[in-house]
Amino acid sequence: MSVHAQAIEEEGHGTGSLGVPNLKLAMWAFLGSECMFFGSLIGTYFFYHDHSLAGPLPKDVFSIGITSISTFLLLMSSLTMALGVDAMRRANAKRSRNFVWGTALLGLTFVGFQVFEFHHFVTTKGLTLATSLFGSSFYVMTGFHGAHVTVGVIWLSIVGWMIHRGHFGQEKAINVEVSGLYWHFVDIVWIVIFTFVYLLEFAK
Amino acid sequence: MSHPIEHGEAHSHVGLYLKTGAVLTVLTALEVGALFVPDLKPVLPPALIGMAVIKFALVIGMFMHLRDDKPIFRFLFMVPLALAVLSFIAMAFLAIVHYEPFGIGYVVTALQKAEGFVPPSTTAPAEPAWPEDKLLAAYAESDKTAHEKGKAIFAASCVSCHRADGGGMPGLGPNMTDNCYKHGGKLGEMYNTISTGVAGTAMPPWSASMKAEQMRDVLYYVRSLRGQNVAGGKACEGSAVAE
């Protein structure tokens, strides 16, 4: 068996000239571009920081308690995701499905917290997308992150369903792994936003 | 073999993942807890950023296997990440170096820092609270370059209403070369007029598009025009100042 054919069998998926699975290569390239995307959004938030002329300021609206809980849930969802990928690598499909669905559920809870936060900011605190530079840059940045989490929740729900129906077995573990890479990325973006946007606001 | 996906009896990473999850939990608890310890305030920003970097590294290194996966993945991810961090730093640097024109409060603070002024009340610009003697002293000590810069700004932004020589235009800007002022001829009053504009007229709030130093420079230049009484200038508007 040629090395190439062996690689295909090992990965159970298309392997390109770089000797790595194309799917995984594509995901890492995508995540690299996502670094630039979120880097710009977070940079823009700080560029406009302290320049709002009207409306409530970050300190008036942020609640460290609530955001800490949702942050913790998202962080733990990365752990369950890693455990789900690990279970699939070791051909434990049922365990993998449970962890993947559990991850989606934690993600959904995070989105729920964000919907609550946005609703609270708009109705009680009077901060909308058009209120100030803070409102615009904050909602665009965290909104795009929330949209990424939502996409991840849908994706993981489908992955869990595919495992459940027996479509993804150990030979297709890379499908679970790649969805996991995306999920972990969404988590690290939040690690940055939580520290730089929320915590540092109260550190001054 | 370090590749995370192996065939057959791949060894379990569960122990490593659980340890990583525990460290992430402890770090998050420390981050949030540290906010409530007043003594930590001075070291908080670097400490928080440091802990975030560790959390970030743990997730990409352990959970995403960047630590021991193929180098091509590290390359694909770390290079754009470095670019993102650099552009972030560049934006932060720009925000600090350029006094941002977005808030009058910021402009006043910048001017105050530059020349030791007492800040005026931003809510009542009609009554400047700046000590005029300090402003005059700063004006007297100002060097020629500030006036030259102010002249360039005047030529770019002001001449369409105040005329190239400052003589004013009918129905538009008043004469800057006589000794009459509609909104006060003290330096503080003139600065406020430039900064906040005049509602209901063509005079815009220049703080929306100029830095504090630019408004100061143009103020010095306009002040230096007083009493030159250029030929064909507009008649006196407002009240004449004694000086």
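Cut-offs used in this document
Residues numbered from 1 in each chain as written. Chains lettered and ligands numbered in written order. Predicted model: local features only at pLDDT ≥ 70, side-chain atom pairs only at ≥ 80, totals over all residues. Heavy atoms only, no water. Contact = heavy atoms within 4.5 Å. Salt bridge = Lys/Arg side-chain N within 4 Å of Asp/Glu carboxyl O. Helix = DSSP H or I, 4+ residues; strand = E, 2+ residues; numbered from the N terminus. Patch = residues over 30% accessible without salt bridge, like charges linked within 9 Å, V, L, I, M, F, W, Y side chains within 5 Å. Areas by Shrake-Rupley, 256 points an atom, 1.4 Å probe, with all protein chains shown as cover. Buried < 20%, exposed > 50% of the residue type's maximum accessible area, 1.4 Å probe, protein only. Disulfide = S-S within 2.5 Å. 1 Å grid on protein atoms, 1.4 Å probe; cavity = no way out; pocket = protein on both sides within 12 Å on 5 of 7 lines; lining within 4 Å. Points joined across faces, edges and corners; volume = space filled by probe spheres on them. Nonpolar A, V, L, I, M, F, W, Y, C, P; charged D, E, K, R; others polar. Polar contact = N/O pair within 3.5 Å; in protein donor to acceptor, adjacent residues only side chain to side chain. Expected span 1.5 Å × (residues − 1). Axes fitted to C-alpha atoms, helices over the stretch in contact; angles between N-to-C directions. Parallel < 35°, antiparallel > 145°, perpendicular 65-115°, else oblique. Left-handed = near helix turned anticlockwise from the far one by under 90°. Core = buried A, V, L, I, M, F, W, Y, C linked by side-chain atoms within 4.5 Å.

Trainee: Explain the interface of chain B and chain A here, please?
Mentor: The interface is formed by 53 residues belonging to chain B together with 55 residues belonging to chain A. With a closest N to O distance of 2.6 Å, Lys24(A) and Asp69(B) form a salt bridge. Contributing elements (two or more residues each) for the side of chain B that touches chain A: helix H1 (14-34), helix H2 (44-63), helix H3 (71-97) and helix H4 (104-115) of chain B. Looking at the side of chain B that touches chain A element by element, the count peaks at twelve residues for H3(B).

Trainee: Just checking my understanding: could you explain a nonpolar patch on the surface for this structure?
Mentor: The grouping of Met36(A), Phe75(B), Val79(B) and Leu83(B) at the surface amounts to a nonpolar patch, some 360 Å² of accessible area in total. If one sorts the elements of the nonpolar patch by residue count, H3(B) sits on top with three residues. When you line up the elements, Leu83(B) lands in helix H3. Exposure remark for Leu83(B): the relative accessible area of 46% places this residue in the partly exposed category.

Trainee: Help me out: how do you make sense of the state of the cysteines in this one?
Mentor: Here, the word disulfide means a covalent bond between the sulfur atoms of two cysteines. All names here are of chain B. Within this structure, the stated rule accounts for one disulfide over all chains. Paired through a disulfide, cysteine 180 and cysteine 236 show a sulfur-sulfur distance of 1.9 Å. Handedness here is read from the sign of the S-S torsion; for cysteine 180 and cysteine 236, about -105°, the answer is left-handed. Taken together, the positions of cysteine 180 in strand E1 (residues 180-181) and cysteine 236 in the loop between helix H9 (212-225) and strand E2 (239-240) put the pair 56 residues apart, joining distant regions of the chain. Counting only cysteine sulfurs, cysteine 158 is the nearest neighbor of cysteine 161, a cysteine outside any disulfide, at a range of 8.9 Å.

Trainee: Would you explain the layout of surface pockets in this entry?
Mentor: Over the atoms, a rolling probe the size of a water molecule traces out where space has been left empty. Residue and element names in this part refer to chain B. The space that makes up the second largest pocket amounts to roughly 560 Å³. Lining the second largest pocket we find 30 residues, and of these His162, Pro174, Met176, Thr193 and Met203 sit closest to its centre. At the level of secondary structure, the elements contributing two or more residues to the lining of the second largest pocket comprise helix H6 (144-157), helix H7 (159-162), E1, helix H8 (187-196) and H9. A class-by-class count of the residues in the lining of the second largest pocket yields 18 nonpolar, ten polar and two charged.

Trainee: How do you make sense of the side chain of Arg226(B) when you look at a structure like this?
Mentor: All names here are of chain B. Its location among the elements puts arginine 226 in the loop between H9 and E2. A polar atom in the side chain of arginine 226 sits 3.0 Å from the side chain of tyrosine 181. A polar contact of 2.5 Å, which involves the side chain of arginine 226, links it to the backbone oxygen of glycine 185.

Trainee: For this particular structure, what's the right way to read helix H6 (residues 133-164) of chain A?
Mentor: Residues three or four positions apart in an α-helix share a direction because the helix packs 3.6 residues into each turn. Taking 1.5 Å as the rise per residue, H6(A) with 32 residues should run 46 Å; its terminal C-alpha atoms sit 46 Å apart, in good agreement. One or two positions beyond H6(A), positive phi appears at Gly166(A), with a value near 85°.

Trainee: I keep staring at empty space enclosed by the protein and nothing clicks. Help me out?
Mentor: All names here are of chain A. Counted by the stated rule, this structure contains three cavities of 30 Å³ or more. The calculated volume of the largest cavity comes to roughly 70 Å³. If you tally residues by element for the lining of the largest cavity, the top one is helix H5 (residues 93-123), at four residues. Of the residues that constitute the lining of the largest cavity, the class distribution is five nonpolar, three polar and one charged.

Trainee: Looking at this structure, I do not really get H8(B). What am I missing?
Mentor: Residues and elements named next belong to chain B. Burial within H8 is extensive, with nine of its ten residues counted as buried. Buried within H8 are the following residues: Leu187, Gly188, Glu189, Met190, Tyr191, Asn192, Thr193, Ile194 and Ser195. The first or second residue beyond H8 is glycine 197, which carries a positive phi of 75°.

Trainee: I would appreciate a short explanation of the packing of helix H4 (residues 64-89) of chain A against H5(A) in the present structure.
Mentor: Two measures define how a pair of helices packs: the angle their axes make with one another and the distance between the axes. Residue and element names in this part refer to chain A. In the contact formed by H4 and H5, the axes pass within 8 Å of each other and the chain directions differ by 160°. The angle between H4 and H5 falls in the class roughly antiparallel. Our pair here, H4 against H5, has a crossing hand that is left-handed. Per-class residue counts for the contact of H4 with H5 are 16 nonpolar, eight polar and two charged.

Trainee: Help me understand the nonpolar core, please; the structure alone is not making it clear to me.
Mentor: Counting residues in hydrophobic clusters, the biggest one holds 84 residues, and the most contacted among them are Trp28(A), Phe62(A), Phe138(A), Val176(A), Phe185(A), Tyr198(A) and Phe77(B). Among the secondary structure elements, those contributing two or more residues to this core are helix H2 (22-47), H4, H5, H6 and helix H7 (173-199) of chain A together with H1, H2 and H3 of chain B. Broken down by element, this core gets its largest block of residues, 19 residues, from H7(A). Ranked by size, the runner-up nonpolar core spans 23 residues in total, among them Ala138(B), Tyr181(B), Met215(B) and Tyr220(B).

Trainee: Is there a simple way to think about the pattern of salt bridges in this case?
Mentor: For side chains bearing opposite charge, pairing can occur when the charged atoms are close. Residue and element names in this part refer to chain A. Under the definition given, this model contains nine salt bridges over all chains. A salt bridge links glutamate 177 to lysine 24; its shortest N-O distance comes to 3.0 Å. On the criterion of sequence distance, the pair formed by glutamate 177 in helix H7 and lysine 24 in helix H2 is long-range, its members being 153 residues apart. Given a relative accessible area of 5%, glutamate 177 falls into the buried group.

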